[in-house]
Amino acid sequence: MIDRSSDLSQPVDALNESEQLKARSRYLRGGIAEGLQDPLTGAVPGDDPLLMKFHGIYQQDDRDRRADRRRRHLEPIYQFMVRMRIPGGVLDKHQWWGIAELSRRYAERGIRITTRQTVQLHGVRKPHLRALMQGLRDIGLDTIAACGDDSRGVVCGTNPFLSRAHHRVAELARVTSDRLIPKTGAYPEIWYRESAPATRSEEPVYGELYLPRKFKVGYAIPPVNDIDVYGQDLGLIAVIDNGELRGFNVCVGGGMGQLDSREDSYPRLAEEIGFIDAEEAPAFSETVMTIQRDFGDRKDRHRARFKYTLDRLGLDWFLDELAHRRGRDLEPARPRRFEHNGDRLGWQQGDDGLWHATLYIESGRLDDALRGQISGLLEQYGGRLRMTTNQNLQLTHIETHELEQLQWRLEDLGLAWRLTPDTQAAHTLSCVALPTCGLAMAEAERYTPRLLDVFQRLKGQYGLADVPITLRLTGCPNGCARPYLGEIALTGRAPGLYNLYLGGSFHGDRLARLYAGNVNEERFLELLAPLLERFAEGRDNGEHFGDFLVRRGLLDDTPVALTSF
Ligand code: SRM
Ligand code: SF4
């Protein structure tokens, strides 16, 4: 018999440590303000780093220098990662210039575009945090709930400036983000020194325990599944008919994260459960989120994501609960078709005649030089800038008469190749990993150039250099580059060793499966070579690698050698 009672009916001390911390925190205040003042350490003491995540800030240390510091009996080089909340990823040029200046002044590793189309700044030191947060406020940005047990940045796929319907979807994503944002006065109080009393009504939706775990909402616009909609806790797939937005197919329960140490953890594809009218989307998102708020596991944090709530209580139970809260059943899902889950790089023209250029950015990292070049381009051309969920950058709103000149300028600056990069690079995603990510077990972003080089050479041997294959690389199994939705994925196990996953679909609607454990680069190439050879010889016209492996049964009984560390 399934226990369907809510953990919220239990006393807080029966819940896990994180729940108790939230309950004690006075709506995310904790001792953060005091910890920022302590000049004796670069860290924020006690449990406050956990609370700071809700404010979009991660305490980290420079892992490249960790051992050396330990040997010298010195404190680690504490530094902070600050993640902005930018629903839909759109910035105006002033905001970009503002971020560029703040990153130059306070951050050590340039600008990092993330797989949820926002910006992270790494290497910020404690004494600079407040100034940075106030600088962001001055350009109309914040970091609230960019991390933590709350609704994370709402993503919206495909350039919103392509048509009226695209624009409407992006607008709904923004409204959803605003609606789901935590309301605590702790944020302005700590970062802007604007005091607000702590009251019980501070969080009318979340309450003092917030959510059991992060909750991710994303809007996709077919035929492009750039956001990997089946990896979201709640995915909304736009149904556009004759240029009009009719509503959304909704899918629930996607997620990537898993732990090597927990066999009962797994990535999961979201299931498509029905259709809703367009206008309902923000309220619908809140309804789904509050079901997870009320029924998510608050005792076992590793089973607290919405995907596990659904598997524990059952989809039928969820649909009943949803119908009860909405007052009606869902309409049946409408037909939809995805073609791929990457970005369309290069030039695209919107219905209004304006042009948009999507530039490839390897692993989303902009160093000082590239940051300066983009800032310069924005001064001369384009109205806005947009980040994609594949870590790329769009310059938007280019007039037709500016096109030729901008193309020359991109060539002058050595940036034109970014419009038409190498096929494999354009289909590769990698997470941050070392040296900043505290959970990384292997390299990802820093290993990407070499991996691309060797893999591209291997593909070339079989005449496949121009065949797109989605490749995802992460430094651990948590899945920040959505590896289990790639056709090929490597997830870090230890320095230089990865688990190899194969067979995800090019559309992002089938999970890859574990093919081999603990492979190094040599073994990776050895394992891929015969598969690529068979693919080159036997693929149907236009067939993708993942589909081929599945169709030919090449993943059916693969020996999996896993060693635990
Ligand atoms: Fe992530 C944790 C980076 C997208 C699943 N993720 C982390 C942390 C904060 C490490 C930590 O907890 O100490 C990483 C910070 C590294 C650093 O130094 O910057 C981190 N995640 C990222 C980013 C920057 C990867 C990137 O290279 O772009 C992405 C930031 C997104 C954003 O702007 O909000 C990022 N993370 C994702 C995604 C992809 C997505 O959402 O589309 C996933 C998989 C989807 C999902 O949530 O299931 C993802 N991150 C995780 C998990 C596993 C969660 C789970 O359910 O088990 C963790 C670990 C955790 O939460 O305990 C994690
Ligand atoms: Fe860090 Fe792992 Fe996420 Fe990569 S996948 S950023 S290593 S938590």
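The structure presented is a predicted model; accordingly, all values stated were derived computationally and were not measured.

Parameters at a glance
- Note on numbering: residues in each chain are counted from 1, in written sequence order.
- Just so you know, chain letters begin at A and ligand numbers begin at 1, following the order they were written in.
- Local features in this predicted model are restricted to residues of pLDDT 70 or higher, and side-chain atom pairs are both shown and tallied only at a pLDDT of 80 or more, whereas totals for entire chains, interfaces and linings draw on every residue.
- In computing side-chain properties, one takes all heavy atoms of the structure into account and sets aside hydrogens as well as water.
- Because water is not among the atoms used, a metal site may look incomplete, as its donors are only the N, O and S atoms within 2.8 Å, or 3.2 Å for Na, K and Ca.
- By definition, any uninterrupted DSSP run of H or I lasting at least four residues is a helix, any uninterrupted run of E lasting at least two residues is a strand, and each is numbered from the N terminus.
- Accessibility here uses a 1.4 Å probe with only protein chains present; expressed as a share of the type maximum, an area under 20% marks a residue as buried, one over 50% as exposed, and anything in between as partly exposed.
- At least two DSSP bridges between two strands are needed for those strands to be called paired.
- Contacts between residues were defined by any pair of non-hydrogen atoms, one from each residue, lying within 4.5 Å.
- Every angle, taken between N-to-C directions, lies between 0 and 180 degrees, and every axis is a line fitted to C-alpha atoms, over only the stretch in contact when it is a helix.
- Salt bridges are counted wherever a side-chain nitrogen of Lys or Arg sits within 4 Å of a carboxyl oxygen of Asp or Glu.
- Near, as used in this document, describes a residue that has one of its heavy atoms within 4 Å of the molecule or strand being considered.
- As used in this structure description, the phrase polar contact means that two N or O atoms lie within 3.5 Å; if the pair is within protein, one of them must be able to donate a hydrogen and the other to accept it, and residues adjacent in sequence are counted only when both atoms belong to side chains.
- Residues were grouped as follows: Ala, Val, Leu, Ile, Met, Phe, Trp, Tyr, Cys and Pro as nonpolar; Asp, Glu, Lys and Arg as charged; and all remaining residues, including Gly, as polar.
- Note on terminology: a nonpolar core comprises buried Ala, Val, Leu, Ile, Met, Phe, Trp, Tyr and Cys residues joined through side-chain atoms within 4.5 Å.

Six octahedrally arranged donors around a metal ideally form angles of 90 or 180 degrees; four tetrahedrally arranged donors ideally form angles of 109.5 degrees. Within the protein, just one atom coordinates the iron atom of ligand 1: C480 (SG), at a distance of 2.3 Å. Counting through the fold element by element, C480 comes out in the loop between β17 (471-474) and β18 (488-494).

Most of β18 is tucked away: 7 of the 7 residues are buried. Pairing analysis gives 4 bridges linking β17 to β18, with the strands arranged parallel. Within β18, the position partnered with R472 by the bridge is A489. Summarising the sheet, β18 and strand β19 (residues 497-502) pair through 6 bridges and their orientation is antiparallel. The residue of β19 that forms the bridge with I488 is L502.

Judged by pairing direction, the sheet is mixed, and its 5 strands sit side by side in the order β6-β7-β8-β9-β10 without closing on themselves. In the strand order of this sheet, the two ends are held by β6 (155-156) and β10 (271-277), each with one partner. Here β6 runs beside strand β7 (residues 217-220); their pairing, made up of 2 bridges, is parallel. Each residue of the ladder has a partner; that of V155, found in β7, is G218. Of the strands in this sheet, β6, β7, β8 (234-241) and β9 (244-252) are in contact with helix α7 (residues 164-180), which crosses β9 at around 50°. On the sheet, helix α11 (residues 315-326) packs against β9 and β10 and is oriented at approximately 15° with respect to β10.

Take the pattern of salt bridges next. Counted by the stated rule, this structure contains 51 salt bridges. A salt bridge links D149 to K22; its shortest N-O distance comes to 2.8 Å. In this pair, D149 is assigned in the loop between α6 (129-138) and β6 and K22 in helix α1 (residues 17-24), connecting sequence segments 127 residues apart. In this structure D149 comes out as buried when scored by relative accessible area, which is 4%. Put simply, D149 and R301 hold a salt bridge, and the shortest N to O gap is 2.9 Å. In this pair, D149 is assigned in the loop between α6 and β6 and R301 in the loop between α9 (281-295) and α10 (306-313), connecting sequence segments 152 residues apart. Bridged by salt links that share partners, the residues E19, K22, D149, R298 and R301 form one connected network.

In the neighbourhood of ligand 1, 29 residues make up the surrounding shell, with T114, M256, T436, C480 and R482 lying closest. Here an oxygen atom of ligand 1 sits 3.5 Å away from a polar atom, N or O, in the side chain of R83. The separation between an oxygen atom of ligand 1 and a polar side-chain atom of R116 is 2.9 Å. Contributions of two or more residues to the shell around ligand 1 are made by β1 (57-61), β2 (78-83) and β5 (119-124). In terms of residue class, the shell around ligand 1 is made up of 8 nonpolar, 13 polar and 8 charged.

All right, on to the nonpolar core then. Grouped together as the largest cluster of nonpolar side chains are 99 residues, with contacts concentrated most on W191, Y219, F248 and F318. Each residue touching F318, except ones within four places of it in the same chain, is listed here: V252, I273, V288, I291, F306 and L310. Within the second largest apolar cluster, 38 residues are counted, among which are A440, I469, A481 and L555.

This brings us to the site of ligand 2. Close to ligand 2 lie C431, A433, C437, L439, A440, T474, G475, C476, N478, G479 and C480, which account for all nearby residues. A breakdown of the residues in the shell around ligand 2 according to their chemical character gives 7 nonpolar, 4 polar and no charged.

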